[in-house]
Amino acid sequence: ERRGSVPDLTFVGFQSLLAGATPAPISGGFAERMKFTTYLAFIALFSLFVYAPVAHWVWAESGWLFQLGALDFAGGTVIHITAGVAALVCSVCVGKRLKYPQERPLPHNLTMTMLGAGLLWFGWFGFNAGSALASGQLAALAFMNTHLGACGGVLGWLVVEYRVSGKLTALGVASGLVAGLVAITPAAGFVSPWAAVVIGFATSAICFYAVLAKYRLGYD
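Here we summarise the structure given alongside this text. (Residues numbered from 1 in each chain as written. Predicted model: local features only at pLDDT ≥ 70, side-chain atom pairs only at ≥ 80, totals over all residues. Heavy atoms only, no water.)

**Looking at the packing of aromatic side chains**
Alright, step 1. What the rule picks out here adds up to 8 aromatic pairs.
Alright, step 2. Judged by centre distance (5.2 Å) and plane angle (75°), the ring pair of Trp-157 and Phe-208 falls under edge-to-face. Of the two residues, Trp-157 sits in helix 7 (residues 137-165) while Phe-208 sits in helix 9 (residues 193-217), which places them 51 residues apart along the sequence.
Alright, step 3. The buried category is assigned to Phe-208, whose relative accessible area is 9%.
Alright, step 4. An aromatic cluster is present here, built from Phe-30, Tyr-39, Phe-42 and Phe-46 joined pairwise through their rings.
Alright, step 5. Looking at Lys-214, its charged tip hangs above the ring of Tyr-215, at a distance of 5.1 Å from the centre. (Phe/Tyr/Trp six-rings, centres within 6.5 Å; stacked < 30°, edge-to-face > 60°. Helix = DSSP H or I, 4+ residues; strand = E, 2+ residues; numbered from the N terminus. Buried < 20%, exposed > 50% of the residue type's maximum accessible area, 1.4 Å probe, protein only. Lys NZ or Arg CZ within 6 Å of the ring centre and 35° of its normal.)

Dropping the structure here:
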């Protein structure tokens, strides 16, 4: 692992936070269909048999993806791809919710949704800028790219949302900023700030249509 002069315990704690955050987005793939105790068992197995090997492949100098030249600054492959694939697999394995897709539940408390999105945006600075493992130019670049990627994501989602539905929504803002944050994460330390906006914008627009495709493909 690349750790520079960061103390071992600090590095372990930081990596533990990354690993601990990964199962959270997976829960959207089986919402309302899995007991909490089962989810805890799933987290343990996923962390051991999926997250840990992929983290080694991508971030360790001896990892085969690292040696192939894979670039993942703060977890685009290690966190978001593994979580996304796991969510899809779980949704297929556990099946659909009752009355789906005739009834598609929306967030029951948009205020809490926006609060959560804001906290997520703030916390993301720690993940991405912290992955520089030092306080310097690289951390500053990752910090700004994280912010601009989220801004681009909001704009991308709202532009497409307005073209499709003729209105702008707060839920769209939350969805777009998360899409932008996810998109910029693997590239946060490698691209210029203007590119971060483009990456967030384009990925968010793609994600909007991916949500629509999810219903057509029958995934819950």
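From this point, things continue past the structure.
**Some thoughts on unusual backbone geometry**
A negative phi angle is the norm for most residues apart from glycine, just as the trans form is the norm for most peptide bonds.
Alright, step 1. The backbone of Glu-32 sits at a positive phi, close to 70°, despite the residue not being glycine.
Alright, step 2. With respect to the helices and strands, the residue Glu-32 is situated in the loop between helix 2 (23-26) and helix 3 (36-59).
Alright, step 3. Take Glu-32: its relative accessible area is 68%, and that puts it in the exposed class.
Alright, step 4. At Leu-133, a residue that is not glycine, the phi angle is positive and equals roughly 60°.

**A closer look at helix 9**
One full turn of an α-helix is made of 3.6 residues, so residues set three or four places apart face in the same direction.
Alright, step 1. With 25 residues, helix 9 extends 36 Å from end C-alpha to end C-alpha; this agrees with the ideal 36 Å at 1.5 Å per step.
Alright, step 2. Every buried residue of helix 9 is listed here: Ala-195, Ala-196, Gly-200, Ser-204, Ala-205 and Phe-208.
Alright, step 3. Where helix 9 is buried, its residues touch helix 7 and helix 8 (170-184).
Alright, step 4. In the segment just after helix 9, Gly-218 is the residue with positive phi, at about 90°. (Expected span 1.5 Å × (residues − 1). Contact = heavy atoms within 4.5 Å.)

**So, the packing of helix 1 (residues 8-21) against helix 6 (residues 110-130)**
Alright, step 1. Where helix 1 contacts helix 6, the two axes come as close as 11 Å, and the packing angle between them is 125°. In terms of axis orientation, helix 1 runs oblique to helix 6. Crossing of helix 1 over helix 6 shows left-handed handedness. In this structure, helix 1 uses Phe-14, Leu-17, Leu-18 and Ala-21 to contact helix 6, whose residues at the interface are Gly-126, Phe-127 and Gly-130.
Alright, step 2. Each residue belonging to the contact of helix 1 with helix 6 can be placed in one class, and the counts come to 5 nonpolar, 2 polar and no charged. (Axes fitted to C-alpha atoms, helices over the stretch in contact; angles between N-to-C directions. Parallel < 35°, antiparallel > 145°, perpendicular 65-115°, else oblique. Left-handed = near helix turned anticlockwise from the far one by under 90°. Nonpolar A, V, L, I, M, F, W, Y, C, P; charged D, E, K, R; others polar.)

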